[in-house]
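Fold and contact review
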Amino acid sequence: MTRTVYVNGEYLPETEATVSIFDRGFLMADAVYEVTSVLDGKLIDFEGHAVRLKRSLDELQMAEPCTKDELLEIHRKLVELNDINEGLVYLQVTRGSDGDRDFVFPSADTKPTIVLFTQNKPGLADSPAAKKGAKIISIEDIRWGRRDIKTVQLLYPSMGKMMAKAAGCDDAWMIEDGHVTEGTSNNAYFVKDGKIVTRPLSNDILHGITRKAVLRMAAEAQMEVEERLFTIDEAKAADEAFTTSASAFVMPVVEIDGVSLGDGTPGPIAKRLREIYLDESLKAAI
Ligand code: PDD
């Protein structure tokens, strides 16, 4: 089926949607993005994604392409037009183009480019991958220093995912100065003696929307949470581990660098948090 996508105010078949070759998103990765999941035809935590988008734009002095209400309307219309029951809505805003390549930002009145498309993912909630759990490798984190801004500079995370695949694994966790930062496209956690440990927020990691919700839900369920730096060796010696993201919710991790965690199957806390997250998020979906 040909998708209907959104580009700069128009709903178009994907085959007819175009962006300039001079667009700074294409030439300079001068662009930010959001990924919002869809369950039961509804958007999960749209508000959180809209707020983070605004923050990313502000941090880069990039203009807002439209209002939050308009953004919600576009998301909903794409979900409807593409008949998405379970899947994702991808949104990208770039600094646009003034018709040439230049390191200097174009004038402030240059129109940003806005693109949205859907990805149909039946079985996203009831995922076989989540039942099995993910195997991860650790790699050095050589990304730039403003990982809190959700930019489209995804080459290294993409290479990390390929390194994991080459090692027969599913994903990679990145390490900087001896401490785990995050996964290639998710936030990272381990559990030891019932306590959930994850890195605190800073410029070093993306401020995950799923992270925020899951930490709140964990506290509400009387689970103990500690936000602190941790090493990959601590994670390897943990009872269980997991990641969070809008595209995979709570994903159990069963192996790190060839070391099995617990009995090598998804741990009870990760499984419970996944259930709670799906349940609560669905209730609040719009
Ligand atoms: N990635 N850390 C990184 C580096 C990420 O790319 C993501 C999300 C997260 C989790 O953030 P959130 O819970 O808001 O999805 C953490 C998205 C899903 C992606 O690039 O597809």
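Residue positions within a chain follow its written sequence, with the count starting from 1. Local features are withheld for residues below a pLDDT of 70 in this predicted model, meaning they are given only at 70 or higher, and side-chain atom pairs are given and counted only at 80 or more; totals for whole chains, interfaces and linings count all residues. With hydrogens and water excluded, all non-hydrogen atoms of the structure serve as input to the side-chain values.

1. A few points about the site of the ligand
Put simply, the rule is: Here, proximity means that at least one heavy atom of the residue falls within 4 Å of the molecule or strand. Under this definition, polar contacts are N or O atom pairs within 3.5 Å; protein pairs additionally need one hydrogen-donor-capable and one acceptor-capable atom, and for neighbouring residues in sequence, both atoms have to be side-chain atoms. Shrake-Rupley sampling with a 1.4 Å probe provides the accessible areas, and residues are treated as covered by the protein chains on show and by no other component. Whether a set of points on the 1 Å grid over the protein atoms alone is a cavity depends on a 1.4 Å probe fitting there but being unable to get out, while an open set qualifies as a pocket with protein on both sides within 12 Å along at least five of seven lines; lining residues are those with an atom within 4 Å of a point. More than half of a molecule's atoms within 2 Å of the grid points is what it takes for that molecule to sit in a cavity or pocket. A run of DSSP states H or I qualifies as a helix once it reaches four residues; a run of E qualifies as a strand once it reaches two. Both are numbered from the N-terminal end. Each residue gets one of three labels, nonpolar for Ala, Val, Leu, Ile, Met, Phe, Trp, Tyr, Cys and Pro, charged for Asp, Glu, Lys and Arg, and polar for the others, Gly among them. Domains are outlined according to an automatic or database domain assignment.
Surveying the vicinity of the ligand reveals 19 residues, the closest of which are Tyr33, Arg52, Glu182, Thr210 and Ala246. Here Glu182 contributes a side-chain N or O atom positioned 2.7 Å from a nitrogen atom of the ligand. In the complex, 90% of the free accessible area of the ligand, which totals 480 Å², lies under the protein chains. Applying the majority rule of atoms within 2 Å of the grid points places the ligand in the largest pocket. Elements with a minimum of two residues in the shell around the ligand: strand 3 (31-39), strand 9 (179-183), helix 6 (209-220) and strand 13 (240-245). Taken together, the residues that form the shell around the ligand break down as five nonpolar, ten polar and four charged. Each of domain 1 (4-120) and domain 2 (128-284) gives at least three residues to the shell around the ligand.

2. Structural notes on a nonpolar patch on the surface
So the rule is basically this: In this analysis, a patch consists of residues with relative accessible area above 30% that form no salt bridge, clustered at 9 Å for like charges and at 5 Å for the nonpolar side chains Val, Leu, Ile, Met, Phe, Trp and Tyr. When a carboxyl oxygen of Asp or Glu is within 4 Å of a side-chain nitrogen of Lys or Arg, the pair counts as a salt bridge.
Together, Ile21, Phe22, Phe26 and Leu27 line one region of the surface with nonpolar side chains, adding up to about 410 Å² of accessible area. On the secondary structure map, Leu27 appears in helix 1 (residues 24-28).

3. Description of the domain arrangement of the chain
For clarity, the cut-off: By definition, residues are in contact when any of their heavy atoms lie within 4.5 Å. Two parts placed together each lose some accessible area; with a 1.4 Å probe, that loss summed over both constitutes the buried area.
Along its sequence, the chain is organised into domain 1 (4-120) and domain 2 (128-284). Between domain 1 and domain 2, the C-alpha centre-to-centre distance is 26 Å. Contacts between domain 1 and domain 2 engage 21 residues on the former and 20 residues on the latter. When domain 1 packs against domain 2, close to 1,800 Å² is buried across both sides, 65% of that on carbon and sulfur atoms. When the area that domain 1 buries against domain 2 is broken down by residue, the three leading residues are Tyr33, Leu39 and Arg52, summing to 32%. Those elements that place two or more of their residues in the side of domain 1 that touches domain 2 are strand 3, helix 2 (46-59) and strand 5 (87-94).

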